[in-house]
Structure formats: C-alpha cells, structure tokens
Amino acid sequence: MMPIVKDFMTKDVLTVDASKTVLEAAALMSRDDVGDLVVMENDLPVGIVTERDFVRRVIAVGKSTGTKVSEVMSTPLRVIDPEAPIKEAARRMVNKGIRRLVVIKITNWSES
C-alpha cells in the first residue's frame, strides 16, 4: 500500500485569527513549541504564518510586533487532502517552493 498524507501529518494544528498581532502569534507559537500557525478568518483557513515569515517579513524589514498576522502570512494557502499519496505532497512542495502543506479534507477546493 502506498503511503498517504494522513500517515505523516501533524494532527494537532494550531490556528490564529488573522486580526491578531505578530507578537500574539509569536507568543502562541512559543508557548506551544510550534513553528507555524494556520491563519483563520471567519472560521476559514486563509493562510499560514511561520517563524520564517516573522524573520523575513517583520524583523528584517523593521515592522512592529503590533503588525497584524494578515499582513505577513503566506497566501494562498497550499492544501492537500489527507488521503492523497505522500509523493503528491512532496511534488507540490517542491513545485511551489514551500515547506508546509495544510491538510484539509477537500470536497470542492480550488488551488492554483
């Protein structure tokens, strides 16, 4: 049997509201010892914010820690179905130049 995404994914994913500040998001990441948060808006996932985003889009350019997460998050959100082959996840990550895919049970999702 071919390995699938759900066999390797992190199951307890943390989220942060898009209106929260970079400081609030960083504190949450530090408290829970994670390197990323899925960004939510109106109960829908709209992006992801990572430690790398904080370094490149906040610290390196001198933005305030009061900056909203929505201003520094990575979008569009790249997603994959939990039943997808792990090879497909790897292919997407390489092709898009990304390090994380958000796993969502996909019914009618369009991704560019």
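For every chain, the first residue of the written sequence is number 1, and numbering continues from 1 along that sequence. At least 70 in pLDDT is required for a residue's local features to be given in this predicted model, at least 80 for side-chain atom pairs to be given and counted, and no such filter applies to totals for whole chains, interfaces and linings, which use all residues. Remark: hydrogens and water are excluded; side-chain values derive from all non-hydrogen atoms of the structure.

**Structural notes on the nonpolar core**
Basically, it comes down to this: Residues belong to one nonpolar core when they are buried, are Ala, Val, Leu, Ile, Met, Phe, Trp, Tyr or Cys, and are joined through side-chain atoms within 4.5 Å. Think of it in three bands: with a 1.4 Å probe and only protein chains considered, a residue is buried below 20% of the maximum accessible area for its type, exposed above 50%, and partly exposed in between. Helix and strand definitions here come from DSSP, where helices need a minimum of 4 consecutive H or I residues and strands a minimum of 2 consecutive E residues; each element is numbered from the N-terminal end.
The biggest cluster of nonpolar side chains holds 14 residues, and the ones touching the most others in it are Val16, Leu37, Val39, Val49 and Phe54. Of all the secondary-structure elements, those providing two or more residues to this core are helix H1 (22–32), strand S2 (36–41), helix H2 (51–59) and helix H3 (69–72). At 4 residues, H1 tops the list of elements feeding residues into this core. In terms of nonpolar packing, the next biggest core, distinct from the first, is built from 7 residues, Leu77, Val79, Val102 and Ile104 among them.

**With respect to the environment of Asp32**
Under the convention used in this document: Here a polar contact is taken to be a pair of N or O atoms separated by no more than 3.5 Å, where protein atoms must pair a possible hydrogen donor with a possible acceptor and residues adjacent in sequence count only if both atoms sit in side chains.
Locating Asp32 in the fold gives a position in helix H1. Residue classification places Asp32 among the partly exposed residues on the basis of a relative accessible area of 30%. The sequence separation of Asp32 and Val22 amounts to 10 residues, and the corresponding C-alpha distance is 15 Å. Engagement of the side chain of Asp32 in a polar contact is seen with the side chain of Arg31, the distance being 2.7 Å.

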